[in-house]
Amino acid sequence: MRKALFRPVVALIALTVLVTTAGCGTSTSPPSPVRFGGGPKTGAALHTTPHGKRSLVQWPTKPITFQEESRVGGAGGNTPIGVTTLHGPKSGFTGKVWVWAPPEYYEKRNADKGFPVMEALPGAYGYPVNYWIGSDLKLEENLARWSKNGTSLPFIVVMPVLNPNDKQYYDGSDIPGQPKIGTWLSQDVPDLVRQNFRTLKTRDAWAIMGSSSGGFAALKNVLQNPDTFKVAIPNGPDIVPDSPLWNGHAKEERDNNPEELARRLTARGGPDVYLAFQDGSKEYTVLPKVRNFIARYGRGPVHTRLQIVPGGTHSAATYVQGMGEGTMRWVSAHMQGPTS
């Protein structure tokens with residue numbers, strides 16, 4: 001249901017993203033190069049750690065040059081969204097990845113600090129663009145605003161494509177015989193961020209958020225990879241895998257089922273994960289499934305919260321609204337903020 005609901009709007013969203021991120025439409029200048037990295041020797045005088053304190057900062061290891069896709073206005077302070085094509089060394093998959101750093105990342109007072117990261121996954125096929133880069137949804141601008149008013153941590157945001165094409169769903173997983181999208185999302189994309197940004201050496205600083213099909217991928221990946229991600233924000237997700245590509249691979253499908261993953265995590269006693277579900281009050285098909293998952297598996301190390309947006313529908317705009325109405329405050333309370 002999550003996937004079908006997003007199909008009517010995905011083409012429009014993709015077109016909107018392409019138009020709104022292409023500039024003013026009259027400029028013929030090439031995209032500007034953007035570098036977010038720089039090792040600890042850059043501005044070395046600022047990169048100090050108090051005596052006796054062990055630094056949590058993960059300094060960039062292999063910074064590359066991104067191409068500027070667009071700029072984030074308003075509270076975003078004209079900060080750039082960059083894009084690159086990543087050849088995933090662990091998954092073998094090649095796809096586009098967009099990245100953004102909050103205004104605080106550039107401030108001199110934070111030059112020795114690492115920042116938390118949010119991996120943001122779109123709904124529908126999530127290909128060839130990730131709609132969270134669109135100026136219509138204002139994800140980055142809102143995150144910057146919430147950070148300024150103290151209701152959210154300032155997150156680095158990374159936005160990969162979700163699927164290899166717009167023909168099949170891969171459930172954010174390594175389906176036998178198919179591109180290893182699970183490895184792409186849980187290893188290659190986080191590694192790209194670590195190589196290019198000041199991050200933190202703790203799972204407490206990593207969240208994964210997604211809507212619809214991306215919401216399922218976020219839920220599954222935090223339960224499957226709790227050593228990488230501490231928090232998930234599953235927006236209007238299905239609860240079980242449903243790609244037809246699982247046919248003939250029942251064991252692997254079970255190994256990528258959030259219900260089974262939650263049961264296993266609870267049985268072994270953790271580590272603790274935090275699932276910030278979001279749904280619109282009008283999501284009549286999805287909402288009961290989410291409530292049932294919370295009732296059955298929201299115990300022990302699986303901590304859950306449900307943000308219901310009044311009048312909300314199965315849409316990215318609904319989920320951005322919910323993030324501002326309580327989700328980001330709860331998420332941030334369970335995560336590590338910028339620190340040296």
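Worth saying up front: this structure is predicted, and the values here are computed from it rather than measured.

Conventions we followed
Residues numbered from 1 in each chain as written. Predicted model: local features only at pLDDT ≥ 70, side-chain atom pairs only at ≥ 80, totals over all residues. Heavy atoms only, no water. Helix = DSSP H or I, 4+ residues; strand = E, 2+ residues; numbered from the N terminus. Buried < 20%, exposed > 50% of the residue type's maximum accessible area, 1.4 Å probe, protein only. Contact = heavy atoms within 4.5 Å. Areas by Shrake-Rupley, 256 points an atom, 1.4 Å probe, with all protein chains shown as cover. Pairing = 2+ DSSP bridges. Right-handed = clockwise from strand over helix to strand, strands pointing away. Axes fitted to C-alpha atoms, helices over the stretch in contact; angles between N-to-C directions. Expected span 1.5 Å × (residues − 1).

1. Structural notes on the overall build of the protein chain
The helix and strand inventory of the protein chain stands at eight helices and 12 strands. When each of the 340 residues of the protein chain is scored for burial, the buried share is 56%. Sequence-distant contacts in the protein chain: of pairs separated by 6 or more residues, those separated by 24 or more amount to 75%. A total of about 13,800 Å² of accessible surface is found on the protein chain, and carbon and sulfur atoms cover 52% of it.

2. Examining the pairing of strand β12 (residues 302-309)
Of the strand pairs in this sheet, strand β11 (residues 273-280) and β12 are connected by eight bridges, and their pairing is parallel. Among the inter-strand pairings, Phe277 is bridged to a residue of β12, identified as Leu306. Once the chain exits β11 it traverses helix α7 (residues 286-297) before rejoining the sheet at β12, and the crossover so formed is right-handed.

3. What to know about the sheet that holds strand β5 (residues 94-100)
Spatial ordering of the open sheet is given by β1-β3-β4-β5-β7-β6-β9-β10-β11-β12, a layout of 10 strands whose pairing is mixed. Each end of this open sheet is capped by a strand with a single partner; those strands are β1 (33-34) and β12. Inspection of the sheet shows strand β6 (residues 117-121) paired to strand β9 (residues 206-211) by five bridges, in the parallel sense. Considered in β9, the bridge of Leu121 is made with Gly210. Along the sheet face, helix α8 (residues 316-333) touches β6, β9, β10 (231-235), β11 and β12 and points at about 140 degrees away from the line of β12.

4. Section: the pairing of strand β3 (residues 66-72)
Direction of pairing for β1 relative to β3: antiparallel, over a ladder of two bridges. Bridging across to β3, Val34 finds its partner in Phe66. Pairing analysis gives five bridges linking β3 to strand β4 (residues 79-87), with the strands arranged antiparallel. By the bridge assignment for β4, Glu68 is matched with Gly82. Where β3 folds back onto β4 in an antiparallel hairpin, the turn is made up of six residues, including Gly74, whose phi is positive at roughly 60 degrees.

5. Quick notes on helix α4 (residues 213-224)
If you check α4, its first and last C-alpha atoms are 16 Å apart, about what 12 residues at 1.5 Å a residue would give, namely 16 Å. Taken across its 12 residues, α4 has 11 buried, putting it largely inside the fold. Burial in α4 covers these residues: Ser213, Gly214, Gly215, Phe216, Ala217, Ala218, Leu219, Lys220, Asn221, Val222 and Leu223.

6. Looking at unusual backbone geometry
Residue Pro128 follows Tyr127 across a cis peptide bond; omega there is 5 degrees. Among the secondary structure elements, Pro128 is positioned in the loop between β6 and α2 (139-148). Cis geometry is found at the peptide bond from Gly270 to Pro271, where omega equals 10 degrees. For Pro271, the location among the structural elements is in the loop between α6 (258-268) and β11. Its identity as a non-glycine residue notwithstanding, Ala124 has a phi of 55 degrees, on the positive side. One can find Ala124 in the loop between β6 and α2. When its relative accessible area of 0% is taken as the criterion, Ala124 is described as buried. Positive phi is not limited to glycine here, since Ser212 has a value of about 60 degrees. The residue Ser212 is located in the loop between β9 and α4 in this model. Residue class for Ser212 comes out buried when judged on its relative accessible area of 0%.

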